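Here's the letter readout for the chains.
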Amino acid sequence: ADAVAITINSSENVGIGTSSISGKLSVDGGVYVAAGSASGVAYGFYPAGTYGNTGMFSPAANTVAFATSGGEHMRITSAGLVGIGTAAPTNALQIVGTLKASSQVFVGSNSDDAYSGGLINLSNGSRSFGLSADPTNAGASTIINFSIDGSEKMRISSGNVGIGTTAPATTL
């Protein structure tokens, strides 16, 4: 028996490689599309002209990017790095622009939802403020320290607060 090549049913739905059509287009097998670009996406959204520059494309081998209004806004690289607002992420998730969280942001272990050390560093390139909790991941003697421009300025350890010392002996 011959394989089904293309089927168009009475609802004008199309099947390629299948006669079991479950939507406007049903395909049995791989679908390959030209790579496209930010201004001419490979997978776009209808209607063309209104949303013609919004969709997905592949700017490099094994890389997927997402565009809106003809500009790239998010990319997943071949290494699995995700960039929002950047086409060249260097971390698992890199956001260029403002990030807003309406609940919580966890920094630390990815093995569970429990916090196990982390660092928040706010920097504009020439100045920075850092906040770390349990930076050595010791767990038993958790500390919180504050640093400015890479130099520790204050530490909270076992309920004691130290300003200008890494071994506070008393509370404030």
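Residue positions are given per chain, counting from 1 as you read along its sequence in written order. Given that this is a predicted model, residues contribute local features only at a pLDDT of at least 70 and side-chain atom pairs are listed and counted only at 80 or more, while totals for whole chains, interfaces and linings are drawn from all residues. Side-chain figures throughout are based on the complete set of non-hydrogen atoms in the structure, without hydrogens or water.

A. Region of interest: unusual backbone geometry. Within the chain, Ser69 stands out as a residue other than glycine whose phi angle is a positive 50°. Along the chain, Ser69 turns up in the loop between strand S6 (64–68) and strand S7 (71–76). By relative accessible area, which is 71% here, Ser69 ends up exposed. Residue Ser158 is not a glycine yet carries a positive backbone phi of 50°. Numbering of helices and strands runs from the N terminus, with a helix taken as a DSSP run of H or I at least four residues long and a strand as a DSSP run of E at least two residues long. Relative to the helices and strands, Ser158 resides in the loop between strand S13 (151–157) and strand S14 (160–163). Of the residues examined, Ser158 reaches a relative accessible area of 68% and is grouped as exposed. For every residue, the accessible area (1.4 Å probe, protein chains only) is compared with the maximum for its type, and the residue is labelled buried under 20%, exposed over 50%, or partly exposed between those bounds.

B. The side chain of Ser157, seen in detail. Checked against the element boundaries, Ser157 lands in strand S13. The exposure class of Ser157 is buried, given its relative accessible area of 19%.

C. Main features of the sheet that holds strand S9 (residues 93–95). The strand order across the open sheet formed by 6 strands is S4-S5-S6-S7-S8-S9, and the pairing between neighbours is mixed. On the outer flanks of this sheet lie strand S4 (43–44) and S9, each paired with one strand and no other. If DSSP finds at least two bridges between two strands, the strands pair. By the bridge criterion, 2 bridges tie S4 to strand S5 (residues 55–57) in an arrangement that is antiparallel. Across the sheet, Tyr43 pairs through a bridge with Met56, a residue of S5.

D. Broad picture of the environment of Thr90. Its location among the elements puts Thr90 in the loop between strand S8 (82–84) and S9. Note: C-alpha distance between Thr90 and Thr77 (13 residues apart in sequence) is 9.6 Å.

E. Expanded view of a nonpolar patch on the surface. For patch building, the residue pool is restricted to those with more than 30% relative accessible area and no salt bridge; the joining distance is 9 Å between like charges and 5 Å between nonpolar side chains (Val, Leu, Ile, Met, Phe, Trp, Tyr). With residues, only the protein chains shown are counted as cover, and all accessible areas are computed by Shrake-Rupley using a 1.4 Å probe. Each salt bridge in this description consists of a side-chain nitrogen of Lys or Arg and a carboxyl oxygen of Asp or Glu lying within 4 Å of one another. A cluster of nonpolar residues, Ile6, Ile8, Ile16, Leu25, Val27, Val31, Val33 and Tyr43, forms a patch on the protein surface that exposes about 730 Å² of accessible area. Of all the elements in the fold, those that place two or more residues in the nonpolar patch are strand S1 (6–8) and strand S3 (25–27). Tracing the backbone shows Val33 in the loop between S3 and S4. For Val33, a relative accessible area of 38% gives the class partly exposed.

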